[in-house]
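# Close look at the chain arrangement
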Amino acid sequence: MRENKQQVPETVERFLDSTLDSVDSAEEIAVGIAQRAGFDDDNLTRIGMAVRESMVNAVVHGNRYNAHKKVRFSVGHNTHRFTVRISDEGEGFDFESLPDPLAPENIMRTSGRGIFLIRSFMDEFQMRHLERGGTEVTLVKYLVSK
Amino acid sequence: MSIKLNTRQVGDVSVVDVAGRITLGEGSSALRDTMRDMVGKNQKKILLNLGEVSYIDSSGIGELVSGFTTVTNSGGQLKLLNLNKRVKDLLQITKLYTVFDVHEDEAGAIRSF
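Throughout what follows, the structure given in this document is the object of discussion.

What counts and how
- Residues numbered from 1 in each chain as written.
- Chains lettered and ligands numbered in written order.
- Predicted model: local features only at pLDDT ≥ 70, side-chain atom pairs only at ≥ 80, totals over all residues.
- Helix = DSSP H or I, 4+ residues; strand = E, 2+ residues; numbered from the N terminus.
- Rg over C-alpha atoms; globule rule 2.2 N^0.38 Å.
- Buried ≥ 20, exposed ≤ 12 C-beta atoms within 10 Å, placed from the backbone.
- Contact = placed C-beta atoms within 7 Å.
- Pairing = 2+ DSSP bridges.
- Right-handed = clockwise from strand over helix to strand, strands pointing away.
- Axes fitted to C-alpha atoms, helices over the stretch in contact; angles between N-to-C directions.
- Parallel < 35°, antiparallel > 145°, perpendicular 65-115°, else oblique.
- Left-handed = near helix turned anticlockwise from the far one by under 90°.
- Expected span 1.5 Å × (residues − 1).
- Nonpolar A, V, L, I, M, F, W, Y, C, P; charged D, E, K, R; others polar.

## Focus on the overall build of chain B
Looking only at helices and strands, chain B has four helices and five strands in total. Element order for chain B, N to C, with α for helix and β for strand: β-β-α-β-α-β-α-β-α. Whereas a compact globule of 113 residues would reach a radius of gyration of roughly 13 Å, chain B reaches 13 Å, a difference of no more than 12%. Based on the C-alpha atoms only, the size of chain B along its principal axes is roughly 30 × 25 × 25 Å. The buried share among the 113 residues of chain B stands at 42%. Excluding contacts between residues fewer than 6 apart, the proportion of contacts in chain B whose partners are at least 24 apart in sequence is 71%.

## Some remarks on the pairing of strand 2 (residues 13–22) of chain B
Walk down a regular strand and you will see the side chains alternate between the two sheet faces. Residue and element names in this part refer to chain B. In this sheet, strand 2 lies alongside strand 1 (residues 3–10) in antiparallel orientation, the contact comprising eight bridges. For Leu-5, the partnering residue across the bridge sits in strand 2 and is Val-18. Hairpin connection from strand 1 to strand 2: two residues lie between these consecutive antiparallel strands, with Gly-11 at a positive phi of about 65 degrees. Across eight bridges, the pairing between strand 2 and strand 3 (residues 45–56) is parallel. Its bridge partner lying in strand 3, Val-15 is registered against Leu-47. For the segment spanning strand 2, helix 1 (residues 26–40) and strand 3, crossover handedness is right-handed.

## Regarding the packing of helix 1 (residues 20–37) of chain A against helix 2 (residues 41–62) of chain A
Two packed helices can be described by the angle between their axes and the distance between those axes. Residues and elements named next belong to chain A. For the pair helix 1 and helix 2, interaxial distance at closest approach is 9 Å and the crossing angle is 150 degrees. It follows that helix 1 is roughly antiparallel to helix 2 by the angle criterion. Helix-helix and strand crossings are classified by hand; for helix 1 and helix 2 the assignment is right-handed. Two secondary-structure elements touch here, helix 1 through Leu-20, Ser-22, Val-23, Ala-26, Glu-27, Ala-30, Val-31, Ala-34 and Gln-35 and helix 2 through Leu-44, Ile-47, Gly-48, Val-51, Arg-52, Met-55, Val-56 and Val-59.

## Description of helix 2 (residues 58–73) of chain B
Between the first and last C-alpha of helix 2 of chain B there are 22 Å, a value that for 16 residues agrees with the 22 Å anticipated at 1.5 Å per step. Looking one or two residues past helix 2 of chain B, B:Gly75 carries a phi angle of roughly 90 degrees, positive in sign.

## Quick word on the pairing of strand 4 (residues 124–129) of chain A
Residue and element names in this part refer to chain A. Pairing geometry for strand 4 and strand 5 (residues 135–142), over six bridges, is antiparallel. By the bridge assignment, Met-127 is partnered in strand 5 with Val-137. The turn linking strand 4 back onto strand 5 is made up of five residues, and Gly-133 within it adopts a positive phi angle of 100 degrees.

## Focus: the sheet that holds strand 4 of chain A
Residues and elements named next belong to chain A. A sheet is described by the order of its strands in space; here five strands give the open sequence 1-2-3-5-4, paired in antiparallel fashion. Of all strands in the sheet, those bounded by a partner on one side alone are strand 1 (11–17) and strand 4. Taking each pair of neighbouring strands and ignoring which way they run, the sheet shows an average axis angle of 10 degrees. Here six bridges tie strand 2 (residues 70–77) to strand 3 (residues 81–87), and the two strands are oriented antiparallel to one another. Note on strand 3: the bridge partner recorded for Gly-76 is Thr-83.

## Section: the interface of chain A and chain B
The parts lose accessible area when they come together, and the size of an interface is often stated as this lost area. The interface of chain A with chain B comprises 16 residues on the first partner and 15 residues on the second. Tallying contributions element by element places helix 2 of chain A first for the side of chain A that touches chain B, with five residues. Residue classes in the side of chain A that touches chain B are distributed as eight nonpolar, five polar and three charged.

## Overview of the sheet that holds strand 1 of chain B
Residue and element names in this part refer to chain B. Taken together, five strands build an open sheet; the order of strands is 1-2-3-4-5 and the sheet is mixed. Either end of the sheet is taken by a strand with one partner, and the two such strands are strand 1 and strand 5 (101–103). Strand-to-strand, the axes of this sheet are offset by a mean angle of 25 degrees, without reference to chain direction. Of the strand pairs in this sheet, strand 4 (residues 77–81) and strand 5 are connected by three bridges, and their pairing is parallel. Bridge assignment links Lys-79 to a residue of strand 5, and that residue is Asp-101.

The structure is reproduced here in structure tokens:
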């Protein structure tokens, strides 16, 4: 269920190290804001997991744990939309090359489900290549049912 | 809370009680190490009790799949016990729920090996 408690909009932006601790921090910040925005427990879990998967992609696959590279993380909401943006400084990847994790030949693969889960848990998901290099993902969850 | 793993023997079945979060890093690597250790000791009947698992990410799902494949390829069986709603939902949307033999009752799960 999506709720509409019309909480005061808030926005947070951080430049995070390329570490797994940053994954935990981003998840914690996003879930905290989502909770104050009025999402229920089920949606808090979905948002937290989508943020975690996106951060793992940025830290592990994008920046490859490079201590000189940062992950830009922002989260905020207005009365209708809860939005998270995460960008890395990696080399990017071909969005079209992502295998379908539900295809029979991929079901028993041990990886490749992250973006599928993000798409499943959020209302909108976009990926784009940044001009300066790197990848930015935008995750949106609606605060009010459309 | 990260992950806690406790292994106990019920007859010839090795039951692994898993609690906490199975996520990339400590959680998934601890589970991987435990599974490999059990396969290395030639334990063929493994029951993963996930009743106290609060959270599992795609890396954790990958470890479950990896464990299943490793145990199966060594001639053993890996089964799951006590999935909470979140874990069950995850396995369903990833179409893995029917891959695993899932049980809700420990005694029944033990008998099924």
